[in-house]
Amino acid sequence: MRILVLGSGAREHAIITALLREEPAHDIVVAPGNAGIAADVRAVALDPNDPAAVTNFANLNNIELVVVGPEAPLVAGVADALRTRGIPVFGPGQSAAALEGSKTFAKRIMDEAGVPTGRALRAGSLAEAEAALDEYGAPYVVKADGLAAGKGVLVTEDRDAALAHATYWLQHGSVLIEEFLDGQEVSLFLLSDGHNVLPLSPAQDYKRLGDGDAGPNTGGMGAYSPLPWLADRFGSEQAFVDEVIDTIALPTVRRLAAEDTPFIGLLYCGLILTDAGIRVIEFNARFGDPETQVVLPRLVTPLSGLLLAASSGELGGMDRPEFSTDVAVTVVLASENYPGTPVTGRRIGGLDAASAVPGVSIAHAATSLQGGELVASGGRVLSVVAAGVDFDEARARAYEAIGRITLEGGQFRTDIAARVAG
Ligand code: AMP
Ligand code: GLY
């Protein structure tokens, strides 16, 4: 198949790596990609957020499937433009992508679909925000309403800090004040063709910058899959997945279809397992990063067939995707000062030695070539992925590999998947 992948991060690199494993081989193009992805497939300088440019490129190059990695092209209407021209695209249209792009929209859909989520109040002024904070009490949860690249959420015991965060984001629109939910977090990805869903294997993301969940929220500093402790709580992983499908994913997909905004693509359910039950913290309209880097290496069923079936309304009656019993761990290497303005342009060394560790592959998140040298070009730079028969093996491999990589000022967590090891 001739496939165009839009995006430039480690998630897109992981998607492409999974597609490259298939036989017969696909012809894959990425736009715009990064230095690491460009070493594997052809990269083109095409603005992934420009619906007309993407559609014209797809037409001229006889693209048979477009896979949208990040949320920005979805919110910009790229999937709508492709679908209008009859080009299969994995990714929802602008209206359905509001499930991620607008927390107010997501809350309305959840309310109408009866999907369990935290109580929340929308505030358009500081006075409203203050009243809402005091209604729920500490710890305070303040969220920007629109896309904020993982930086829009503050969870804090400090009322003044909560108010300062609300004040900042109120300049850009409204904010949501939510009740605090306590429990383990799970990311569950579901392929949706607008009416039917198929689950991928659950993963857990580490959102905070530092070990022990200290420090600020980030885009994600590491992940692992599967989650062995789900079986302790739900009897089996499948029982958990079934509950999420029945109470969250299908009601949401049906509600969106009923509103004539079918969700075709990846429904990312960001969940918290509270004592009172499963609650949605957020929906995203695309694969998660870095969770994709640990879910897709374990996928046995060919990814391209699943994405094409979802894009073509053909998931109904298909078997659930199969996953290897091997586990996967990813540790993210980030630039100095991330998640603040990262220091970029620094040289990256040791990748060959790192990739030589058994079971290890390296997904590039933000790399470029400068004068023939590989340099860091963003906040999250690399996602070091390791497979293993168990989490001890996978962690040992991931940390051995990341230890061989040099990047001045580079930061990574040392406790990814520690809770499931040994
Ligand atoms: P979000 O961008 O909505 O996924 O939020 C980022 C992170 O903030 C989540 O992964 C949680 O760790 C935390 N968070 C968000 N909402 C809540 C909540 N209502 N209660 C507790 N933690 C939350
Ligand atoms: N890992 C969090 C996200 O992709 O939004």
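Shown above is the structure to which this text applies.
Definitions and cut-offs
- Residues numbered from 1 in each chain as written.
- Chains lettered and ligands numbered in written order.
- Predicted model: local features only at pLDDT ≥ 70, side-chain atom pairs only at ≥ 80, totals over all residues.
- Heavy atoms only, no water.
- Near = heavy atom within 4 Å.
- Polar contact = N/O pair within 3.5 Å; in protein donor to acceptor, adjacent residues only side chain to side chain.
- Areas by Shrake-Rupley, 256 points an atom, 1.4 Å probe, with all protein chains shown as cover.
- Nonpolar A, V, L, I, M, F, W, Y, C, P; charged D, E, K, R; others polar.
- Pairing = 2+ DSSP bridges.
- Helix = DSSP H or I, 4+ residues; strand = E, 2+ residues; numbered from the N terminus.
- Axes fitted to C-alpha atoms, helices over the stretch in contact; angles between N-to-C directions.
- Contact = heavy atoms within 4.5 Å.
- 1 Å grid on protein atoms, 1.4 Å probe; cavity = no way out; pocket = protein on both sides within 12 Å on 5 of 7 lines; lining within 4 Å.
- Points joined across faces, edges and corners; volume = space filled by probe spheres on them.
- Expected span 1.5 Å × (residues − 1).
- Core = buried A, V, L, I, M, F, W, Y, C linked by side-chain atoms within 4.5 Å.
- Buried < 20%, exposed > 50% of the residue type's maximum accessible area, 1.4 Å probe, protein only.
- Arc of directions from axis to C-beta.
- Phe/Tyr/Trp six-rings, centres within 6.5 Å; stacked < 30°, edge-to-face > 60°.

### Quick look at the site of ligand 2
Inspection of the region around ligand 2 gives Asp-205, Lys-207, Gly-219, Tyr-268, Asn-284, Arg-286, Gly-288, Asp-289, Pro-290 and Glu-291 as its neighbouring residues. In the model, a nitrogen atom of ligand 2 is placed 2.8 Å from a nitrogen or oxygen of the Asp-205 side chain. Note that an oxygen atom of ligand 2 is positioned 3.4 Å from one of the side-chain N or O atoms of Asn-284. Within the complex, 89% of the 200 Å² of free accessible area of ligand 2 lies under protein. Broken down by class, the residue content of the shell around ligand 2 amounts to two nonpolar, three polar and five charged.

### A short note on the sheet that holds strand β7 (residues 140-144)
The strand order β6-β9-β7-β8 describes an open sheet built from four strands, whose pairing is antiparallel. Each having just a single partner strand, β6 (120-123) and β8 (153-156) make up the two edges of the open sheet. If you compare each strand with its neighbour and ignore which way they point, the axes differ by 20° on average. Where β7 lies against strand β9 (residues 175-178), four bridges are found, and the strand directions are antiparallel. Looking at β9, one finds that Ala-144 is bridged to Val-175. In the packing of helix α7 (residues 103-113) onto the sheet, contacts are made with β6, β7 and β9, and the angle to β9 comes to roughly 50°.

### Here we look at the site of ligand 1
Every one of the 14 residues lining ligand 1 counts as a neighbour, but Glu-178, Leu-181, Glu-185, Lys-207 and Glu-282 are closest to it. One nitrogen or oxygen atom from the side chain of Lys-143 is found 3.0 Å from a nitrogen atom belonging to ligand 1. Side-chain polar atom of Glu-282 to an oxygen atom of ligand 1: 2.7 Å apart, as the coordinates give it. Protein coverage of the free-state accessible area of ligand 1, which is 470 Å², stands at 92%.

### Some thoughts on the layout of surface pockets
Space inside the second largest pocket adds up to approximately 390 Å³. Breaking the lining of the second largest pocket down by element, the ones donating at least two residues are α1 (10-20), β19 (360-364) and β22 (380-388). Its residues assigned to classes, the lining of the second largest pocket comprises 10 nonpolar, eight polar and four charged.

### Quick word on helix α15 (residues 391-403)
A turn of α-helix holds 3.6 residues, and therefore any two residues three or four places apart point the same way. Here α15 contains 13 residues, and its C-alpha end-to-end distance of 18 Å stays within 8% of the 18 Å for a straight helix at 1.5 Å per residue. Elements that come into contact with the buried residues of α15 comprise β15 (222-225), β18 (327-334), α14 (351-355), β19 and β22. Between the side-chain oxygen of the N-cap and the backbone nitrogen of Asp-392 there are 3.3 Å, and the N-cap of α15 in question is Asp-390.

### Overview of the nonpolar core
For soluble globular proteins, nonpolar side chains are generally found buried alongside one another. Val-66, Phe-240 and Leu-271 are the most contacted members of the largest nonpolar core, which has 84 residues in total. It is helix α11 (residues 237-258) that contributes the most residues to this core, nine residues altogether. Those residues in contact with Leu-271, other than ones at most four positions away along the chain, are Gln-184, Glu-185, Val-186, Leu-188, Phe-240, Val-244, Ile-248, Ile-278, Arg-279, Val-280 and Ile-281.

### Some points on helix α9 (residues 159-170)
Under the 1.5 Å per step criterion, the end-to-end length of α9 is 16 Å for 12 residues, consistent within 8% with the ideal 16 Å. Listing the buried residues of α9 in full gives Ala-162, Leu-163, His-165, Ala-166, Trp-169 and Leu-170. Along the axis of α9, the buried residues cluster in a sector spanning 160°; they form a single face. Check the buried side of α9 and you find it contacts β6, α8 (126-136), β7, β8 and β9. Where α9 starts, the residue carrying a side-chain oxygen 3.0 Å from the main-chain nitrogen of Asp-160 turns out to be Asp-158.

### Section: unusual backbone geometry
The peptide bond linking Asp-289 to Pro-290 adopts the cis configuration, its omega dihedral lying at 20°. Within the secondary structure, Pro-290 is located in the loop between β17 (277-284) and α12 (291-295). The amide bond that connects Tyr-338 to the next residue, Pro-339, takes the cis arrangement and shows omega of 5°. Looking at the secondary structure, you find Pro-339 in the loop between β18 and α14. Phi at Asp-260 is positive, roughly 65°, even though this residue is not glycine. Its location among the elements puts Asp-260 in the loop between α11 and β16 (264-274).

### A word on the side chain of Glu-12
With respect to the helices and strands, Glu-12 occurs in helix α1. Excluding residues within four positions of it along the chain, Glu-12 makes contact with Val-5, Leu-6, Gly-7, Ile-37, Gly-69 and Pro-70.

### Re the packing of aromatic side chains
All told, the structure shown has eight aromatic pairs when counted by the stated rule. A centroid spacing of 5.2 Å and a plane angle of 40° characterise the contact between Phe-189 and Tyr-268, whose relative ring orientation is tilted. You can see Phe-189 sitting in strand β10 (residues 184-193) and its partner Tyr-268 sitting in strand β16, a full 79 residues away along the chain. A single burial state applies to Phe-189 and to Tyr-268, both of which are buried. Plain terms: the ring middles of Tyr-224 and Phe-391 are 5.4 Å apart, the flat faces sit at 85° to each other, and that makes the pair edge-to-face. Remark: Phe-391 occurs in helix α15 and Tyr-224 occurs in strand β15; sequence separation between them is 167 residues. Across the pair, Phe-391 and Tyr-224 agree in class, each one buried. Within the aromatic cluster, the residues linked to one another by ring pairs are Phe-90, Phe-189, Tyr-268 and Phe-287.

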